[in-house]
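Report on the structure
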Amino acid sequence: MIRLTSLHLVCAVAIGLWNAPVWADSLCAEKALQTAADAQLKKAEDLERAGHPREAYAAAAKLNGDCVSDSQRQEGLQQRTAKAIGAEEEKKARPGEAFEWYVRAKAGADAGRMQRKLVETKPNDINTLSHAIDFFSQQNDTAQEQAMRAHARKNVEHALAEEEKRFASFTKDSLQELGRAREWAYYAQAGEDRIRARASQRGDTLAAEDGRKFLRLAISYYEQADRPDGVKKIREKARMLAKRHEAKGEGEIAAEFYAMAGDDKQAETVQQQTEQRQAQVEEGRKKTFKKEQADLEKALGF
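In what follows, the accompanying structure is described. (Residues numbered from 1 in each chain as written. Predicted model: local features only at pLDDT ≥ 70, side-chain atom pairs only at ≥ 80, totals over all residues. Heavy atoms only, no water.)

Another point: the packing of helix α2 (residues 31–49) against helix α3 (residues 53–62). Here α2 crosses α3 at 170°, and the two axes come no closer than 8 Å. Here α3 runs roughly antiparallel to α2, going by the angle between their axes. Mapping the contact onto sequence places Gln-40, Ala-44, Leu-47 and Glu-48 in α2 and Glu-55, Ala-56, Ala-59, Ala-60 and Lys-62 in α3. Class assignment for the residues of the contact of α2 with α3 results in five nonpolar, one polar and three charged. (Axes fitted to C-alpha atoms, helices over the stretch in contact; angles between N-to-C directions. Helix = DSSP H or I, 4+ residues; strand = E, 2+ residues; numbered from the N terminus. Parallel < 35°, antiparallel > 145°, perpendicular 65-115°, else oblique. Contact = heavy atoms within 4.5 Å. Nonpolar A, V, L, I, M, F, W, Y, C, P; charged D, E, K, R; others polar.)

Time to look at the state of the cysteines. Following the criterion strictly, the structure yields one disulfide and no others. A sulfur-sulfur separation of 2.0 Å characterises the disulfide bridge that pairs Cys-28 with Cys-67. What sets the handedness of the Cys-28 and Cys-67 disulfide is the S-S torsion sign, and at about 95° it is right-handed. Here the residue Cys-28 occupies a position in the loop between α1 (2–19) and α2, and Cys-67 occupies one in the loop between α3 and α4 (71–91), the gap between them amounting to 39 residues. With respect to burial, Cys-28 and Cys-67 carry one shared label: buried. (Disulfide = S-S within 2.5 Å. Buried < 20%, exposed > 50% of the residue type's maximum accessible area, 1.4 Å probe, protein only.)

What follows covers the pattern of salt bridges. In this structure the tally under the stated criterion is 27 salt bridges. Across the pair Arg-216 and Glu-256 runs a salt bridge whose closest N-O atoms are separated by 3.5 Å. With Arg-216 in helix α11 (residues 212–224) and Glu-256 in helix α13 (residues 251–260), the pair connects residues that are 40 residues apart, well separated along the chain. The class for Arg-216 is partly exposed, based on a relative accessible area of 41%. Each of Arg-54, Glu-88, Glu-89 and Arg-94 takes part in salt bridges that share partners, so that together they form one network. (Salt bridge = Lys/Arg side-chain N within 4 Å of Asp/Glu carboxyl O.)

Looking now at the packing of aromatic side chains. Applying the stated rule across the entire model yields five aromatic pairs. Summarising the aromatic geometry, the rings of Phe-99 and Phe-135 are spaced 5.2 Å apart at their centres and angled 80° between planes, so their arrangement reads as edge-to-face. Linking Phe-99 in helix α5 (residues 95–104) with Phe-135 in helix α7 (residues 126–138), this pair joins segments that are 36 residues apart in sequence. For Phe-99, a relative accessible area of 15% gives the class buried. The class for Phe-135 is buried, based on a relative accessible area of 9%. Within the aromatic cluster, the residues linked to one another by ring pairs are Phe-99, Phe-135 and Phe-136. Directly above the aromatic system of Phe-167 lies the positively charged group of Lys-172, at a separation of 5.2 Å from the ring centroid. (Phe/Tyr/Trp six-rings, centres within 6.5 Å; stacked < 30°, edge-to-face > 60°. Lys NZ or Arg CZ within 6 Å of the ring centre and 35° of its normal.)

Structure below.
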C-alpha cells in the first residue's frame, strides 16, 4: 500500500511539472512580459505594413528582446525597416545617414556603396577615406579596400605637387603640405620613402642659408626626414653664427642662434647681457636728456 501511494505521488508530481510553464531556459522573468513583448512586436509589424518604417523600427527597438517569443521575427523586422530608412536617406542625398542605417540592416553591399559615395563627395577628407578603408577591411572586401588605398595614393601625389609649389615661394615653408602627404601615405601604404627624400632635399637646400628662419626650417625638414646628422649640422652652424653675431654686439640675434644650437644656458646669458647693456644705454640717454633740458632752461632763464 505504501509503495502504491509513493508511485501515485511521483506520477502526480511528474504530471504537474509537465503541465506547468517552464521558464528555466528563458531570460524572461514572467509570462506577462512575454505577452507584452509579442504585442509590441505586432504593433511594430502593423506600422511597417502601413508604410511607416521609422515608427516601426522605433517600436521594435522598445520591446523587451529577452521576452519576445520569436526573436527572428523581431530581427527581421528591424533589418527590413532599417534598410527602408537607409533608402530614404539615400534618396535625400545623405550618404552618411544612409550608411548608418544600412549597417543596422546588415546590408553590406548598400553600406559599401554609401562609403564609396562619401569618398566621392569628400575626396580630400582623410577621415572619410580612413573610415571607408576600415569598413571594407572589416568586411574582408579586399578589392574595395585597395580601391580606397589607390585613392589615397592619388592624394599623396597631389599633396607632393602642392608642396613643390609652396617651397618655390619666398617663405620656403612647405611643412604643412609635406605633413599632409605623409598622412595620406599612411592610408595609401606607399610613398613614405619619397616623402622622407623630399624632406631631406628641402633640408639640404635651406642648410646653405644663414637666416634664422630658414635654418629653423631646415631643422624641421631634417626631423621630417629622420636625419639627425642634418639636424646636428644645422646646430653646429647656428653656434658658429651665434659667436659671429655676439662678437659684433648683436646680442639678441646671437641669443637666438645659441638657442637654435641647443645651448639654452648660453642663449640666456647673452640675452641677459644684452638687456643689461640696453638698460645702461637707456639710463645714459635719460641722463643726457635731463642735462640738455636743464642747460636749455638755464639758457632761457627759467
